[in-house]
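# Secondary and tertiary structure notes
Listed below are the residues making up each chain.
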Amino acid sequence: MKRVILTGCMVLFCSLATTAVAQKFALIDREYILKNIPAYEMTNEQLNQLSEKWQGEIETLQQEAQNMYKSYQSDLVFLSAEMKTKREEDIIKKEQEAQDLKRKYFGAEGELYKKRESLMKPIWDEIYEAVKAIAEDKGYQVVVDRAAAMSVIYASPKIDISNEVLAKLGYSK
């Protein structure tokens, strides 16, 4: 009886070990791939220009609020209590307007985020399709992104298929 159980355990262990060994892994470096795609550089340039434009709008509002405050400080002696309150409210309103605009453009779900998503989606889809095709052709069960995988300490360059992905996309290296 012990022999049957021991034999069964050995067969189970060997089949599991064979399955684990049979899996093929590959690695890509997303940052490397993106740096070699001209459309990505153009997209980044568009996003930087848009970001600078919006940042300028915000800074203009902040400067207006600062100028209003300086003016308020210099006129403080001459203002009635009612005028002080109104000017303080105007300054607070201008500062709030700048904060709202900053949140609208650069917040977690802001315009910059949405624009980045819309411009990057086609590039990501193209990369994904290339990786998927290579993985299916070569029998990889898992393809790990070196840039996103924080727990990958070392990976052999032999399993890095980044150049194959670039070649599949038409950007041979």
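Please refer to the structure placed before this passage.
Here is a short report on the structure shown in this document. No experiment lies behind these values; they were computed from the predicted model shown. (Residues numbered from 1 in each chain as written. Predicted model: local features only at pLDDT ≥ 70, side-chain atom pairs only at ≥ 80, totals over all residues. Heavy atoms only, no water.)

So, on to helix α4 (residues 81–106). The end-to-end C-alpha separation of α4 is 37 Å, in line with the 38 Å expected for 26 residues at 1.5 Å each. Among the residues making up α4, those that are buried are Ile91, Lys94, Ala98, Leu101 and Tyr105. Looking at the buried positions of α4, the neighbouring elements they touch are α3 (38–75) and α5 (111–138). (Helix = DSSP H or I, 4+ residues; strand = E, 2+ residues; numbered from the N terminus. Expected span 1.5 Å × (residues − 1). Buried < 20%, exposed > 50% of the residue type's maximum accessible area, 1.4 Å probe, protein only. Contact = heavy atoms within 4.5 Å.)

Time to look at the pattern of salt bridges. Under the counting rule described, the total for this entry stands at eight salt bridges. Notably, a salt bridge pairs Asp90 with Lys86, separated by 3.2 Å at the nearest N-O pair. Placement of the pair is Asp90 and Lys86 together in helix α4, with a separation of four residues, close to one helical turn. Residue Lys121 is joined to Asp125 by a salt bridge in which the shortest nitrogen-to-oxygen separation is 3.0 Å. On the criterion of helical spacing, the pair formed by Lys121 and Asp125 is a turn pair, its members being four residues apart in helix α5. Take Asp125: its relative accessible area is 35%, and that puts it in the partly exposed class. (Salt bridge = Lys/Arg side-chain N within 4 Å of Asp/Glu carboxyl O.)

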